[in-house]
Amino acid sequence: MKRRRRRNRKKSAGFIIPKPLLSALAMATILSLSYLWMMGRCEAAGQRIKAMEQKRNELRNMVLNEESRWAAMRSPRNMEEALRRHGLVMTWPSEDRVVRRSSPSLPGGVTEERLEYAQYGGTLMND
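Residues numbered from 1 in each chain as written. Predicted model: local features only at pLDDT ≥ 70, side-chain atom pairs only at ≥ 80, totals over all residues. Heavy atoms only, no water.

Caption draft 1: Up close: the overall build of the protein. Along the backbone of the protein there are three helices and zero strands. Reading the secondary structure of the protein in the N-to-C direction produces α-α-α. When each of the 127 residues of the protein is scored for burial, the buried share is 2%. For the protein, the exposed surface amounts to about 13,200 Å²; the carbon and sulfur share of it is 58%. (Helix = DSSP H or I, 4+ residues; strand = E, 2+ residues; numbered from the N terminus. Buried < 20%, exposed > 50% of the residue type's maximum accessible area, 1.4 Å probe, protein only. Areas by Shrake-Rupley, 256 points an atom, 1.4 Å probe, with all protein chains shown as cover.)

Caption draft 2: Examining the pattern of salt bridges more closely. Under the criterion given, the structure shown has three salt bridges. Among the salt bridges present, the one from E66 reaches R69, with a minimum N-O distance of 2.9 Å. On the criterion of helical spacing, the pair formed by E66 and R69 is a turn pair, its members being three residues apart in helix 2 (residues 19-73). On the basis of relative accessible area, E66 is assigned to the partly exposed category, the value being 46%. Ionic pairing is found between R84 and E81, a salt bridge with its closest N-O pair at 3.3 Å. One end of the pair, R84, and the other, E81, are both in helix 3 (residues 76-85), three residues apart, so they sit about a helical turn from each other. (Salt bridge = Lys/Arg side-chain N within 4 Å of Asp/Glu carboxyl O.)

Caption draft 3: Structural context of a nonpolar patch on the surface. A contiguous nonpolar patch, built from I17, L21, L22 and L25 and spanning about 360 Å² of accessible area, is present on the exposed surface. The topology assignment puts L25 in helix 2. Judged by relative accessible area, which is 48%, L25 ranks as partly exposed. (Patch = residues over 30% accessible without salt bridge, like charges linked within 9 Å, V, L, I, M, F, W, Y side chains within 5 Å.)

Caption draft 4: Region of interest: the environment of D96. Its location among the elements puts D96 in the segment after helix 3. A relative accessible area of 68% places D96 in the exposed class. For D96, the side chain forms a polar contact with the side chain of S94, separated by 2.3 Å. (Polar contact = N/O pair within 3.5 Å; in protein donor to acceptor, adjacent residues only side chain to side chain.)

Caption draft 5: Region of the structure containing the confidence of the model for the protein. For the protein, the mean per-residue pLDDT works out to 81, and 69% of the residues sit at or above 70. When mean pLDDT is compared element by element in the protein, helix 2 scores highest at 95, while helix 1 (residues 2-10) scores lowest at 56. (pLDDT = per-residue confidence, 0-100.)

Have a look at this one:
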């Protein structure tokens, strides 16, 4: 009987796949799924970037519109019109009453191009 059992053990009824082939298929599957996952993330990031760029352009246009409106409101003609509309009697100062100052020297070698208003402790003067 022992021989019979040994022979039955050697015989296997089933589908045999070589281990190297099985490991290669598993690696190919893992690589393809990770590639698809990475591509999905890249496409989602690209869409978010496009949406943010569009929002930035809209905000930039809004800022430019507001700056042009503010510049138009500050013009001498519009200032005089606003004063008249509100019933205020004011005149512009004469030239000898206007004090013009050059920009102050900034500490630490900071130039005016690199000046950030939140860091600047002085007073900004406009004409």
